There are 2 protein chains.
Amino acid sequence: MSVLIVDTTALDSIKTPTRENPRLLGGSASHAAVAASFFSPVKLVGGVGEDFPKKYIALYRRHKIDLAGLQTLPGKTFHWSGEYEVNMNNRRTLATELGVFETFNPTLPASYQNVPFVLLANIAPALQSHVLTQVRRPKFVVADTMDLWLNIALPDLLKLLKRVDGFVLNDSEAKQLTKEDNLLTALKKIHKLGPKYVIIKKGEHGAILSSSKGLFISPAYPLPHVVDPTGAGDSFVGGMMGYLSTARGSIDDNLRRAMIYGSVVASFCCEGFGLKFTTRITRPAIEARFKELEKLTSF
Amino acid sequence: MSVLIVDTTALDSIKTPTRENPRLLGGSASHAAVAASFFSPVKLVGGVGEDFPKKYIALYRRHKIDLAGLQTLPGKTFHWSGEYEVNMNNRRTLATELGVFETFNPTLPASYQNVPFVLLANIAPALQSHVLTQVRRPKFVVADTMDLWLNIALPDLLKLLKRVDGFVLNDSEAKQLTKEDNLLTALKKIHKLGPKYVIIKKGEHGAILSSSKGLFISPAYPLPHVVDPTGAGDSFVGGMMGYLSTARGSIDDNLRRAMIYGSVVASFCCEGFGLKFTTRITRPAIEARFKELEKLTSF
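Parameters and conventions
- Residues numbered from 1 in each chain as written.
- Chains lettered and ligands numbered in written order.
- Predicted model: local features only at pLDDT ≥ 70, side-chain atom pairs only at ≥ 80, totals over all residues.
- Heavy atoms only, no water.
- Helix = DSSP H or I, 4+ residues; strand = E, 2+ residues; numbered from the N terminus.
- Contact = heavy atoms within 4.5 Å.
- Areas by Shrake-Rupley, 256 points an atom, 1.4 Å probe, with all protein chains shown as cover.
- Lys, Arg positive; Asp, Glu negative; His and termini not counted.
- Charge placed at Lys NZ, Arg CZ, Asp CG, Glu CD.
- Least-squares fit on C-alpha atoms with pLDDT ≥ 70 in both.
- Pairing = 2+ DSSP bridges.
- Axes fitted to C-alpha atoms, helices over the stretch in contact; angles between N-to-C directions.
- Patch = residues over 30% accessible without salt bridge, like charges linked within 9 Å, V, L, I, M, F, W, Y side chains within 5 Å.
- Salt bridge = Lys/Arg side-chain N within 4 Å of Asp/Glu carboxyl O.
- Buried < 20%, exposed > 50% of the residue type's maximum accessible area, 1.4 Å probe, protein only.
- Right-handed = clockwise from strand over helix to strand, strands pointing away.
- Core = buried A, V, L, I, M, F, W, Y, C linked by side-chain atoms within 4.5 Å.
- Buried area = accessible area lost by both parts, 1.4 Å probe.
- Nonpolar A, V, L, I, M, F, W, Y, C, P; charged D, E, K, R; others polar.
- Arc of directions from axis to C-beta.

A. Expanded view of the overall build of chain A. The number of helices and strands found in chain A is 10 helices and 13 strands. Here the C-alpha coordinates of chain A stretch approximately 50 × 45 × 40 Å along the principal axes. By sequence separation, contacts in chain A at least 24 residues apart represent 65% of the contacts at least 6 residues apart. Here chain A displays about 12,300 Å² of accessible surface, and carbon together with sulfur accounts for 52% of that area. Taken as two groups, the 36 positive and 27 negative side-chain charges of chain A have centres that lie 6 Å from each other.

Here it is, written out as structure tokens:
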């Protein structure tokens, strides 16, 4: 089954203590879509400006990503630029130019409207809702978010959360949303907002899933050298949804393994700037790292 | 087989955002010894002052801890007082009164000199070496440390590290010791200092083991409410050594499970002030949480 992914398709300028990389292919949707593409067919919803490089369209195509929902609009592509500190855990946004995303309001192509797995990556919650409304009886809907929407669009986000099966956010966002320092208490509060499955991402410390089946502590794949963590969270959720959409059995049967696959793709993402490393990997490399994570965590 | 544990036996005054607890039984040795006592006989090496409450001696005895190596010395018991911030992750020391530990220089009782498992908890490295020298051909020696010794006794610590099998420290200490932000790189550097087994503790994020068998990512038991994390690290290493000393097979065969047992005892430690909760638990409660951690991490 295929996965529908909606979010920003962007150009990212990323500065780390050692290097500067202007106008790489980025945006949550790009990272999530490429990550999911290793497991399942992907239908992308997004908008780019007239300046969007053709080579990036070619890249999507190499990953067999369906681009019927990718619109080219008058104006410039969404552009984010940010800078990482030496420890690579803290980053600050230098500039955000919305470009065509200022007025982006997608209508789904007919071929997208029956997609069973839907990933509403971290665009504005009103836009996430707008896309979700156009999908007919999806099997499993996951929303991601970011601190920006907690600050400026909380009522929209709360409305959306009543309509999704799963919600993915990072630990600082979970604390901000619930005003709780303890993650287990935060998870309980988030369930009350609607989602049956809540996943809190903790970066290099992995992730934690809460569902009616209890908790799952998901490890991160340990890396000796992090080049650029931009998009790791998107790769995680993209890989997870990609695997879920092809696995047999119920969501409950497969979600833990799906998270591990997500962690694996996220680890590859961190090893190169933008999508440079992720686009070079293969399914066997993913399977090898999955098996390694089994060994790294068994006792 | 029994475990020899040397470190401060102290009185701790602990302040958290909600409560204040003066002069509780504390010190690394107390936490580690009680934790180890659930698995194996423990021989304690330490010193207390004339003010040390008899009820705490009774507590040690209830845990069948051998006190032949516990000296009562003229003067006051080591006293630490500290305060935790709201998130319970950051604490600051309000006062440290060394008391009898200023001149503590133990001679091991004859009955202690053949103990196979030795835990040199986080006293001064010179004192750790002094104790280690008195043990005849131990099977497995683990040292813990703290930032204080990295700051004021690094040469002593480096000498000690050449003589121990295992070294346990927390993530900030590992970064301080190696000047490395990446934990995998830090682990490699620490191996070069001597220890075959290196364990980096990451608090609520668990711990990571590095040995010739590779890495092991050890989870922390998730708690909905942390009352007082003082002594959690000592409980972890104490529980680990206690289990190791009774498990059949090689260190390599057992160390992962030993770390999980350590995590379990550490989780109980965090649920009460000082040793209040830890001293109330039973082996079946430990086994139940061990099984729970298996479920929480399997995929």
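B. Broad picture of the relation of the copies chain A and chain B. Between the two copies, chain A and chain B, the superposition gives an RMSD of 0.0 Å; the rotation angle is 180 degrees and the shift along the axis is 0.0 Å. The operation mapping one copy onto its partner corresponds to a two-fold rotation axis. Taking C-alpha positions as reference, the residue of chain A nearest the rotation axis is H205 of chain A, located at 3.1 Å. Residue by residue, 100% of the interface of chain A is reproduced at the interface of chain B, so both copies engage with the same surface.

C. Geometry of the sheet that holds strand β7 (residues 91-97) of chain A. Residue and element names in this part refer to chain A. Pairing within the open sheet is mixed, and its 4 strands lie in the order β3-β2-β6-β7. Either end of the sheet is taken by a strand with one partner, and the two such strands are β3 (20-26) and β7. Along the sheet, successive strands turn relative to each other by an average axial angle of 20 degrees, direction set aside. Here 5 bridges tie strand β2 (residues 10-15) to β3, and the two strands are oriented antiparallel to one another. Looking at the pairing, D12 lines up with L24 of β3. Across the sheet, helix α2 (residues 54-62) touches β2 and β3, and the angle it forms with β3 is around 50 degrees.

D. Focus on a positive patch on the surface. Side chains of R19, K55, K276 and R280 of chain A sit close together on the surface and give a patch of like positive charge. Relative to the helices and strands, R19 of chain A is located in the loop between β2 and β3.

E. Region of the structure containing the environment of K159 of chain B. With respect to the helices, strands and loops of the structure, K159 of chain B is situated in helix α5 (residues 154-161). Since its relative accessible area comes to 57%, K159 of chain B is described here as exposed.

F. The pairing of strand β8 (residues 117-120) of chain A, seen in detail. All names here are of chain A. Both faces of β8 are covered, namely the face carrying F117 and L119 and the face carrying V118 and L120. One ladder, built from 4 bridges, connects strand β1 (residues 3-6) with β8; its direction is parallel. Opposite V6, over in β8, you have L120 as the bridge partner. Across 4 bridges, the pairing between β8 and strand β9 (residues 140-144) is parallel. The residue of β9 that forms the bridge with V118 is V141. Regarding the hand of the β-α-β motif, the stretch spanning β8, helix α3 (residues 125-133) and β9 is right-handed.

G. Just the nonpolar core, in detail. Core analysis: the biggest nonpolar cluster contains 105 residues, and I5, M240, M241 and I286 of chain A together with L4 and L120 of chain B have the highest contact counts within it. Looking at this core element by element, the count peaks at 10 residues for helix α9 (residues 251-269) of chain A. Within the second largest apolar cluster, 60 residues are counted, among which are F216, F236, I251 and M259 of chain B.

H. How the structure looks around the interface of chain A and chain B. Each partner contributes residues to the interface: chain A has 28 residues there, and chain B has 29 residues. Interface area for chain A against chain B, summed over the two sides, is near 2,400 Å², with a carbon-plus-sulfur share of 62%. When the area that chain A buries against chain B is broken down by residue, the three leading residues are I217, L296 and F299 of chain A, summing to 30%. Elements supplying a minimum of two residues to the side of chain A that touches chain B: α7 (183-192), β13 (214-218), α9 and α10 (283-297) of chain A. Its residues assigned to classes, the side of chain A that touches chain B shows 15 nonpolar, 7 polar and 6 charged.

I. Looking closely at the side chain of T145 of chain B. Examined against the element boundaries, T145 of chain B turns out to sit in the loop between β9 (140-144) and α4 (147-152). Dropping the residues within four chain positions of it, T145 of chain B is found in contact with N122, L157, F167, V168, L169 and E173 of chain B.

J. Highlighting the sheet that holds strand β6 (residues 78-84) of chain B. Residue and element names in this part refer to chain B. Spatial ordering of the open sheet is given by β3-β2-β6-β7, a layout of 4 strands whose pairing is mixed. Single-partner strands in this sheet number two, and they are β3 (20-26) and β7 (91-97). Within this sheet the neighbouring strands show an average axis-to-axis angle of 20 degrees, counted without direction. Sheet contacts for helix α2 (residues 54-62): β2 (10-15) and β3; angle to β3, the most-contacted strand, approximately 50 degrees.

K. Structural context of the environment of L187 of chain A. Residue and element names in this part refer to chain A. Tracing the backbone through its elements, the reader meets L187 in helix α7. Remark: the alpha-carbon pair of L187 and K162, spanning 25 residues in sequence, is separated by 15 Å. Residues in contact with L187, not counting those within four places in the same chain, are V198, I200, I208, S210 and L215.

L. Highlighting α2 of chain B. All names here are of chain B. Residues of α2 that are buried: Y56, L59 and Y60. Viewed end-on, α2 has its buried residues packed into an arc of 100 degrees, placing them on one side of the element. Among the exposed residues of α2, those pointing more than 90 degrees away from its buried face are K54, K55, R61 and R62. Where α2 is buried, its residues meet β2, β3, α1 (28-37), β4 (42-48) and β5 (65-72). Downstream of α2 by a residue or two, K64 has a phi angle that is positive, lying close to 55 degrees.

M. Main features of the pattern of salt bridges. In the structure shown here, the tally under the stated rule is 16 salt bridges over all chains. Here E287 of chain A ties to R283 of chain A by a salt bridge, and the two come within 2.9 Å at their closest N and O atoms. Residue E287 of chain A and its partner R283 of chain A are both found in helix α10; the two are separated by 4 residues, about one turn of the helix. Residue E287 of chain A is classed as partly exposed on the basis of its relative accessible area of 22%. Between K189 of chain B and E180 of chain B there is a salt bridge whose closest N-O contact spans 3.5 Å.

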